[in-house]
Amino acid sequence: MSALLGIFFTGLGFTCLCGSMPRHQGDLFGRRLSAGASRGLRVAGFSLLALALVVDLWFLPVAQGAIAWCGHLTVGAVAAVAVLMLRQRIA
């Protein structure tokens, strides 16, 4: 269960971070966002990545939780890239 939560939070966090970048906003939203919205997505993305670390450290010992978090970061980043690729192919 903790693995699914970690992967979910990291995938969502990386997608928020991608959405905060002007080069990806057109692919995800169809337009450029305001500076405030970009900043909000950036804060949300980093907060979700930190939340995934907290979840992993809560359910696992510290060393194993840190290693699991690194693995979840990898899977989440791949998921965010897959979302971007699918959105580009659909558009």
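Residues numbered from 1 in each chain as written. Predicted model: local features only at pLDDT ≥ 70, side-chain atom pairs only at ≥ 80, totals over all residues. Heavy atoms only, no water.

**What to know about the overall build of the protein chain**
Quick note on the threshold: Note on conventions: DSSP H or I runs of at least 4 residues are helices, E runs of at least 2 residues are strands, and numbering of each starts at the N terminus. Relative accessibility under 20% of the residue-type maximum defines a buried residue, over 50% an exposed one, and the middle range a partly exposed one, all with a 1.4 Å probe and only protein chains included. In this description, contact between two residues means that some pair of their heavy atoms is separated by no more than 4.5 Å.
When you go through the protein chain residue by residue, the secondary structure sums to four helices and zero strands. Along the chain direction, N to C, the helices and strands of the protein chain fall in the order α-α-α-α. Seen through its C-alpha atoms, the protein chain measures out along the principal axes to roughly 45 × 30 × 15 Å. Within the protein chain, the fraction of its 91 residues that count as buried is 33%. For the protein chain, contacts bridging at least 24 residues in sequence account for 65% of all contacts bridging at least 6.

**Topic: the packing of aromatic side chains**
Applicable threshold: Two aromatic rings, drawn from Phe, Tyr or Trp (for Trp, its six-membered ring), form a pair once their centres lie within 6.5 Å of each other, and the interplanar angle then sorts them: stacked below 30 degrees, edge-to-face above 60, tilted otherwise.
Summed over all chains, the structure comprises one aromatic pair. A ring pair is formed by F8 and F9, whose centres lie 5.6 Å apart and whose planes are at 55°; its orientation type is tilted. Here F8 falls in the partly exposed class, since its relative accessible area comes to 48%.

**Notes on the confidence of the model for the protein chain**
Detailed reading of predicted coordinates is not advised where the pLDDT is low. Filter applied, for reference: Confidence scores here are pLDDT values: one per residue, from the predictor, ranging 0 to 100.
When the pLDDT values of the protein chain are averaged, the result is 92; 100% of them are 70 or greater. Ranking the elements of the protein chain by mean pLDDT puts helix α2 (residues 22–29) last with 86 and helix α3 (residues 35–59) first with 96.

**Digging into the side chain of H72**
The residue H72 is located in helix α4 (residues 62–90) in this model. Those residues in contact with H72, other than ones at most four positions away along the chain, are S2, A3, G6, I7, T10 and D56.

**Some words on α4**
Heads up, the rule is: What a helix is expected to span follows from its residue count: subtract one and scale by 1.5 Å.
Helix length check: α4 (29 residues) gives 41 Å between terminal C-alpha atoms against 42 Å at 1.5 Å per residue, within 8%. Of the residues making up α4, those classed as buried are G65, A68, H72, L73, G76, A80 and L84. Against the buried residues of α4 lie α1 (2–19), α2 and α3.

**Some remarks on the state of the cysteines**
Rule in force here: Any pair of cysteine sulfurs within 2.5 Å is marked as a disulfide.
Scanning the entire structure with this criterion turns up zero disulfides. You can see C16 has no disulfide; the closest cysteine sulfur is in C18, sitting 9.4 Å from it. The exposure class assigned to C16 is buried, which follows from its relative accessible area of 14%.

**Describing α2**
Which entries qualify depends on this criterion: Read the arc as the range of directions from the helix axis to the C-beta atoms.
Buried residues of α2: H24, Q25 and L28, and no others. All buried residues of α2 project into a common sector of 115° when viewed along the axis, lining one side. In this fold, the buried residues of α2 make contact with α1, α3 and α4. Looking one or two places after α2, you find G30, whose phi comes out positive at around 80°.

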